[in-house]
Amino acid sequence: MNTFLYMLVKIEKIILTFEATCFALSILLILIFIWKIIWNKKRISVGSISVGPVGLVANDVEIHKIKLLGSPMGACKNDILTPALKVEITDVNGKVLKNQKVRLEIICDDFGVVSFNKIKGKTVRNTNENGIAIFDDLKLQNTGNYMIKIECGKKNISTEMFEIFPPGIEIDYWNYAIGSEEYEERLDRALSFSQKE
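Notes on the structure in this doc start here.

Re the overall build of the protein
When you go through the protein residue by residue, the secondary structure sums to 2 helices and 15 strands. A total of 197 residues make up the protein; the buried ones form 27% of that total. Put simply, of all contacts in the protein between residues at least 6 apart along the chain, 53% involve residues at least 24 apart. Carbon and sulfur atoms make up 56% of the accessible area of the protein, which amounts to about 13500 Å² in all.

This is the structure in structure tokens:
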């Protein structure tokens with residue numbers, strides 16, 4: 001009888017110890033959960049990144065404006081677009097944003113969006129330290145009238161239309177003052193050459 005009572009007491013102690021352990025683990029998990037919430041709220045923002053318990057974490061940055069700093073005016077087929085396309089990305093406060101991905105979509109008047117195998121050069125670039133992305137190696141393989149759609153985040157803008165001429169003509173009329181005799185002469189030469197083709 002004494003042995004039986006002794007066993008019951010032992011079992012009761014084991015059950016109480018197990019319950020206490022489970023209760024302690026539950027409290028510990030709740031405390032860890034609360035700590036994580038508080039830590040996330042106290043993250044230190046640095047530009048477009050946050051310093052958290054696991055290092056640097058990228059944040060979504062709201063793009064406010066895409067500004068054209070340079071836009072192609074034309075080129076011959078398979079020649080680099082001139083001047084180079086150059087864009088600046090800023091936030092709502094006018095602060096330039098570095099390391100932002102800028103994508104291009106090139107559209108032709110005749111057949112719509114140009115497939116990537118008809119474009120030479122990079123159509124995706126990141127902005128530099130000054131918030132500027134420069135596309136200085138773009139070439140198109142077909143003549144025609146084109147425009148470029150520039151996208152960054154949820155914002156997009158488009159360039160003015162420009163023309164890709166047949167190879168072998170001088171099209172540097174943009175190097176001359178608009179309306180000058182040299183400008184009109186070179187523009188007429190380019191347009192007449194294109195119409196003959």
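So much for the structure itself; the text now carries on.
Some details on the pattern of salt bridges
A full pass over the atoms with the stated rule returns 4 salt bridges. Note that K98 is salt-bridged to E129, the shortest N-O span being 3.5 Å. One end of the pair, K98, is in the loop between strand 6 (85-90) and strand 7 (101-108); the other, E129, is in the loop between strand 10 (124-126) and strand 11 (132-135), and 31 residues separate them in sequence. For E129, a relative accessible area of 59% gives the class exposed. In this structure, the salt-bridge partner of K149 is E151, at a minimum N-O distance of 3.4 Å.

A few points about the packing of aromatic side chains
For the coordinates displayed, the defined rule picks out 1 aromatic pair. On the numbers, 6.3 Å between centres and 25° between planes, the contact of Y146 with F162 is stacked. Here Y146, found in strand 13 (residues 144-152), pairs with F162, found in strand 15 (residues 162-165); they are 16 residues apart in sequence, far enough to count as distant. Exposure class is identical for Y146 and F162. Each is buried.

Focus: the nonpolar core
The nonpolar side chains of soluble globular proteins are, as a tendency, buried together. Core analysis: the biggest nonpolar cluster contains 24 residues, and L81, V102, L140, Y146, I148 and I150 have the highest contact counts within it. Every element with two or more residues in this core is listed here: strand 6, strand 7, strand 11, strand 13 and strand 15. Not counting chain neighbours up to four residues away, the residues in contact with Y146 comprise I106, I107, C108, F111, V114, L140, E160, M161, F162 and I164.

Comments concerning unusual backbone geometry
Cis geometry is found at the peptide bond from T82 to P83, where omega equals -15°. Along the chain, P83 turns up in the loop between strand 5 (74-76) and strand 6. Look at N78: it is not a glycine, yet its phi comes out positive at around 70°. Tracing the backbone through its elements, the reader meets N78 in the loop between strand 5 and strand 6. Even without being a glycine, N99 presents a positive backbone phi close to 55°. Looking at the secondary structure, you find N99 in the loop between strand 6 and strand 7. N99 gets classed as exposed once you look at its relative accessible area, which sits at 56%.

Quick notes on the rules
Residues numbered from 1 in each chain as written. Predicted model: local features only at pLDDT ≥ 70, side-chain atom pairs only at ≥ 80, totals over all residues. Heavy atoms only, no water. Helix = DSSP H or I, 4+ residues; strand = E, 2+ residues; numbered from the N terminus. Buried < 20%, exposed > 50% of the residue type's maximum accessible area, 1.4 Å probe, protein only. Contact = heavy atoms within 4.5 Å. Areas by Shrake-Rupley, 256 points an atom, 1.4 Å probe, with all protein chains shown as cover. Salt bridge = Lys/Arg side-chain N within 4 Å of Asp/Glu carboxyl O. Phe/Tyr/Trp six-rings, centres within 6.5 Å; stacked < 30°, edge-to-face > 60°. Core = buried A, V, L, I, M, F, W, Y, C linked by side-chain atoms within 4.5 Å.

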